[in-house]
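Breakdown of the fold
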Amino acid sequence: VQLQASGGGLVQAGGSLRLSCAASGRTFSDYTMSWFRQAPGKERTFVAAIDWIGDHGYYTDAVKDRFTISRDNAKNTVYLQMNSLQPEDTAVYYCAVKTFGGGSYYTASLYGYWGQGTLVTVSS
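In this report, we go over the structure that sits alongside the text. (Residues numbered from 1 in each chain as written. Predicted model: local features only at pLDDT ≥ 70, side-chain atom pairs only at ≥ 80, totals over all residues. Heavy atoms only, no water.)

With antiparallel pairing, four strands are arranged side by side in an open sheet as β1-β3-β8-β7. Only two strands of the sheet have a single partner each, and these edge strands are β1 (2-6) and β7 (67-72). Taking each pair of neighbouring strands and ignoring which way they run, the sheet shows an average axis angle of 15 degrees. Relative to strand β3 (residues 17-24), β1 runs antiparallel, the two sharing five bridges. Each residue of the ladder has a partner; that of S6, found in β3, is S20. (Pairing = 2+ DSSP bridges. Helix = DSSP H or I, 4+ residues; strand = E, 2+ residues; numbered from the N terminus. Axes fitted to C-alpha atoms, helices over the stretch in contact; angles between N-to-C directions.)

What follows is the structure in structure tokens.
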């Protein structure tokens, strides 16, 4: 099983990026998929989650109204559209699959599969 994240890069404040996370090895259409991020010198934190149906996203307050999570189950891929990026959004972004039921989307230990991360750098 592999999660391949891509789409990171360098962008100026106010700009946009779209991250993708393609899963291979098995299908995850029945699982919640999420994005986390880890800023330099800080812990990994939850960014957004999308349920298996794909019709509802959950977001940390810091990115609400700026980021949109979506998924294409036919492509086994989850996306994160990031608009109005700010320097504080600079981090390595990781996609993950929530393989343990119950609990909070925010709890990293409930995710059994992780991508390798893609770096997003926002300049001021």
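On inspection of all chains with the given rule, the structure shows one disulfide. Two residues share a disulfide in this structure: C21 and C95, whose sulfurs sit 2.0 Å from each other. A torsion of 60 degrees about the S-S bond marks the disulfide between C21 and C95 as right-handed. Of this pair, C21 sits in strand β3 while C95 sits in strand β9 (residues 91-98); the two residues are 74 residues apart in sequence, bridging distant segments of the chain. A relative accessible area of 0% places C95 in the buried class. (Disulfide = S-S within 2.5 Å. Buried < 20%, exposed > 50% of the residue type's maximum accessible area, 1.4 Å probe, protein only.)

Inspection of the secondary structure assignment puts F67 in strand β7. For the pair F67 and M82, spaced 15 residues apart in sequence, the C-alpha to C-alpha distance is 4.5 Å.

It is worth spelling out the packing of aromatic side chains at this point. Evaluated as defined, the whole model comprises eight aromatic pairs. Consider the rings of F36 and F46, whose centres lie 5.7 Å apart with planes at 80 degrees: the pair is edge-to-face. Linking F36 in strand β4 (residues 32-38) with F46 in strand β5 (residues 44-50), this pair joins segments that are 10 residues apart in sequence. F46 matches F36 in its accessibility class, with the two residues each being buried. A ring pair is formed by F36 and Y111, whose centres lie 5.0 Å apart and whose planes are at 80 degrees; its orientation type is edge-to-face. Here Y111 lies in strand β10 (residues 111-114) and F36 lies in strand β4, a separation of 75 residues in the sequence. What makes F36 buried here is its relative accessible area of 0%. On the basis of relative accessible area, Y111 is assigned to the buried category, the value being 4%. The aromatic ring of Y79 is capped on one face by R18, whose charged end is 4.0 Å from the ring centroid. Its end group placed over the ring of Y94, R44 keeps NZ or CZ at 3.7 Å from the ring centre. (Phe/Tyr/Trp six-rings, centres within 6.5 Å; stacked < 30°, edge-to-face > 60°. Lys NZ or Arg CZ within 6 Å of the ring centre and 35° of its normal.)

Considering the arrangement of structural elements, one finds S20 in strand β3. Each residue touching S20, except ones within four places of it in the same chain, is listed here: Q4, A5, S6, W35, T77, V78 and Y79. (Contact = heavy atoms within 4.5 Å.)

Bringing the side chain of S34 into the picture now. Here S34 is to be found in strand β4. Within the local environment of S34, its side chain forms a polar contact with the side chain of Y111, the two groups lying 2.7 Å apart. Once residues lying within four places of it in the same chain are set aside, the contact partners of S34 are F46, A48, A49, I69, Y94, C95, A96 and Y111. (Polar contact = N/O pair within 3.5 Å; in protein donor to acceptor, adjacent residues only side chain to side chain.)

None of this, on its own, says anything about what the molecule does.
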